[in-house]
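What the coordinates show
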Amino acid sequence: MLAELGVSRPLLVASERWTDLGLGVPTTGHWTEVPSERIADMAAHVGDGVIAVGGGSAIDLGKAASAEAGVPVVSVPTTYSGAEWTSFFGIRDPARRMRGGGSGAQLGAVVYDPQLTLSLPRPETVGTALNALAHCAEALYVEGHNAEADEHALTGARLIGESLPRVVDAPADVEERRKLLEGAMHAGMALGGSMLALGHAMAQALGGRYGLPHGAMNALTLPAALRYNAEVAPDAVRRFGRALDTDDPAGRVEELARLGGFGRLRDFGVPESDLPDVAAATVERAGARANPRRASAGEVEELLRSIH
């Protein structure tokens, strides 16, 4: 695969956790500061490609290096984020606070191995899977949604809804981990074919301000976004519900979120007094502008208060 991409000496981007992964590939180095805002410093060590191993932070970092150096990136996801399917990326500092972003990554290939997800703790398993589920939901009604992305979204939602509770019950079940990873793959393909809406915009504003896990924030914001959008996109929300085998998709997402211990924003230390500022930041994001129902800062503030 690397030979097909013309890659012989890539940079490995992965946290210390994956130091002994044993890829069997000669590399120009191993960048372990994940996340990182030192993109130019990292890109200086890139040979003719990048291999990014890890969750969304590692893969976004690999994509940033790819864009900076103009080389292909091969992603090896160890969570269920779906970040590997777009050329866009966010840049966070080591404290996980947002420091920018961009696009232009050269997506070379994706390698999925459920064995790499077996040690993923429950909160990260549920959180990243709920991030993927949010990709599925929003792909169905975001401006620019399309039939091909819709099919990926519905397949991904069905697989995630079925397999996530089973993985929580039996974390070492490789087959259920494989199904969950397959669902996340379809969610990523739906994301790549359609992009994001209001739920993600709220999650990004929260995570970028406080350094909070993106998956956990999506787990909390998606139900509020679904209820808000049901008025203008009832068919899309119903289709999402059918994929989850429920007449109450927002309620079902809340049930799945509780598997990871995710309840309210205040549990993550988000001050209620900051919600107006978070709402103002949300409406400036691309996802909010692409939402089928445009929300004012005041309306977003009410949604945030409903989950605080």
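Quick summary incoming for the structure in this document. Not measured: the values here are computed from a predicted model.

**Things to note about the overall build of the protein chain**
Across its full length, the protein chain holds 12 helices and 7 strands. By the compact-globule yardstick of 19 Å for 308 residues, the protein chain fits well, its C-alpha radius of gyration being 18 Å. Dimensions of the protein chain, computed from the C-alpha atoms along their principal axes, are close to 55 × 40 × 35 Å. Each of the 308 residues in the protein chain was classed as buried or not, and the buried ones make up 53%. Put simply, 70% of the contacts in the protein chain that link residues at least 6 apart link residues at least 24 apart.

**Comments concerning the pattern of salt bridges**
Inspection of the entire model under this criterion finds 18 salt bridges. Residue E175 is joined to R178 by a salt bridge in which the shortest nitrogen-to-oxygen separation is 2.8 Å. Residue E175 and its partner R178 are located together in helix α5 (residues 174–194), separated by 3 residues, close to a single helical turn. With relative accessibility at 38%, the residue E175 sits in the partly exposed group. R178 gets classed as partly exposed once you look at its relative accessible area, which sits at 34%. When salt bridges with common partners are traced through the structure, they connect E33, R38 and D41 into a single cluster.

**Description of the sheet that holds strand β2 (residues 29–31)**
The strand order β2-β1-β3-β4-β7 describes an open sheet built from 5 strands, whose pairing is parallel. The open sheet terminates on both sides in strands that have one partner only, identified here as β2 and β7 (106–110). Strand-to-strand twist of the sheet, defined as the mean angle between neighbouring strand axes without regard to direction, takes the value 25 degrees. Taken together, the 5 bridges between strand β3 (residues 50–54) and strand β4 (residues 72–77) define a ladder with parallel strand orientation. From the neighbouring strand, V53 faces β4, where its bridge partner is V76.

**A closer look at the packing of helix α3 (residues 122–139) against helix α4 (residues 147–169)**
Running from amino to carboxyl end, α3 crosses α4 at an angle of 160 degrees, the nearest separation of the two axes being 8 Å. On the basis of the axis angle, α3 is roughly antiparallel to α4. Considering how the two elements wind past one another, α3 and α4 form a crossing that is left-handed. Contacts between α3 and α4 involve R122, T125, V126, A129, L130, A132, L133, C136 and A139 on the former and, on the latter, D150, A153, G156, A157, I160, L164, V167 and V168. In the contact of α3 with α4, the residues fall into 13 nonpolar, 2 polar and 2 charged.

**With respect to the nonpolar core**
Generally speaking, soluble globular proteins have nonpolar side chains that are buried together. Counting 68 residues, the largest nonpolar core has L133, L226, F240 and L304 as its most contacted members. Discounting chain neighbours no more than four positions away, the residues touching L133 are A157, I160, L222, F240, L244, V253 and L256. Ranked by size, the runner-up nonpolar core spans 17 residues in total, among them V46, V50, I59 and V71.

**Examining α5**
Along its 21 residues, α5 runs 30 Å from first to last C-alpha, staying within 8% of the 30 Å computed at 1.5 Å per residue. Considered for burial, the residues of α5 that qualify are E176, R177, L180, L181, G183, A184, H186, A187, G188, A190, L191 and S194. Buried residues in α5 make contact with α3 and α4. Measuring from the side-chain oxygen of the N-cap residue of α5 to the backbone nitrogen of E175 gives 3.1 Å; that N-cap residue is D173. Positive backbone phi, at 85 degrees, marks M195, one or two positions downstream of α5.

**So, the layout of surface pockets**
A volume near 200 Å³ is recorded for the second largest pocket. Every residue lining the second largest pocket is counted, 12 residues in all, and those nearest its centre are M1, L23, I51, V76 and V111. In the lining of the second largest pocket, the residues fall into 10 nonpolar, 1 polar and 1 charged.

**Concerning the pairing of β4**
A large share of β4 lies buried, amounting to 6 of its 6 residues. Both faces of β4 are covered, namely the face carrying P72, V74 and V76 and the face carrying V73, S75 and P77. Following the backbone out of β3, through helix α2 (residues 56–69) and into the adjacent parallel β4, one traces a crossover that is right-handed. Relative to β7, β4 runs parallel, the two sharing 4 bridges. By the bridge assignment for β7, V73 is matched with L107.

**Topic: unusual backbone geometry**
Here the residue pair V34 and P35 is connected by a cis peptide bond, since its omega of -5 degrees sits within 30 degrees of zero. For M195, which is not glycine, the phi dihedral falls at a positive 85 degrees. If you trace the backbone, M195 turns up in the loop between α5 and α6 (198–210). Relative accessible area serves as the criterion here: at 28%, M195 is assigned to the partly exposed category.

Cut-offs applied
- Per chain, residue numbering runs from 1 following the sequence as it is written.
- This being a predicted model, a pLDDT of at least 70 is required before a residue's local features are given, and a value of 80 or more before pairs of side-chain atoms are given or counted; all residues contribute to the totals for chains, interfaces and linings.
- Side-chain metrics rest on all non-hydrogen atoms present in the structure, leaving aside hydrogens and water.
- Numbering of helices and strands runs from the N terminus, with a helix taken as a DSSP run of H or I at least four residues long and a strand as a DSSP run of E at least two residues long.
- Using C-alpha atoms as the atom set, the radius of gyration is obtained and then compared with a globule rule of 2.2 Å times the number of residues to the power 0.38.
- When accessible area is computed with a 1.4 Å probe and restricted to protein chains, residues below 20% of their type maximum are described as buried, those above 50% as exposed, and intermediate ones as partly exposed.
- Contacts: residue pairs with any heavy atoms within 4.5 Å of one another.
- A pair is scored as a salt bridge if a Lys or Arg side-chain nitrogen falls within 4 Å of a carboxyl oxygen belonging to Asp or Glu.
- Paired strands, as defined in this entry, are two strands with at least two bridges between them according to DSSP.
- All axes are obtained by fitting lines to C-alpha atoms, using only the stretch in contact for helices, and the reported angles, taken between N-to-C directions, cover 0 to 180 degrees.
- Here is the rule for angles: anything less than 35 degrees is roughly parallel, anything more than 145 is roughly antiparallel, 65 through 115 is roughly perpendicular, and the remaining ranges are oblique.
- For any helix crossing, the convention is left-handed if the near helix is rotated counterclockwise from the far helix by under a right angle, and right-handed if that rotation is clockwise.
- Polar here means any residue outside two lists: the nonpolar Ala, Val, Leu, Ile, Met, Phe, Trp, Tyr, Cys and Pro, and the charged Asp, Glu, Lys and Arg; Gly therefore counts as polar.
- What we call a nonpolar core is a set of buried Ala, Val, Leu, Ile, Met, Phe, Trp, Tyr and Cys residues that are connected through their side-chain atoms within 4.5 Å.
- A helix is expected to span 1.5 Å multiplied by its residue count minus one.
- Pairs of N or O atoms within 3.5 Å make up the polar contacts considered here, provided that, within protein, one atom can donate a hydrogen while the other can accept it, and that residues adjacent in sequence are counted only when both atoms are side-chain atoms.
- For each structure, a 1 Å grid was placed over the protein atoms alone; sets of points admitting a 1.4 Å probe that cannot get out are labelled cavities, open sets with protein on both sides within 12 Å along at least five of seven lines are labelled pockets, and lining residues have an atom within 4 Å of a point.
- Grid points are joined across faces, edges and corners, and a volume is the space filled by probe spheres set on the points.
- Crossovers are described as right-handed under a simple rule: with the strands pointing away from the observer, the path leading from the first strand over the helix to the second runs clockwise.

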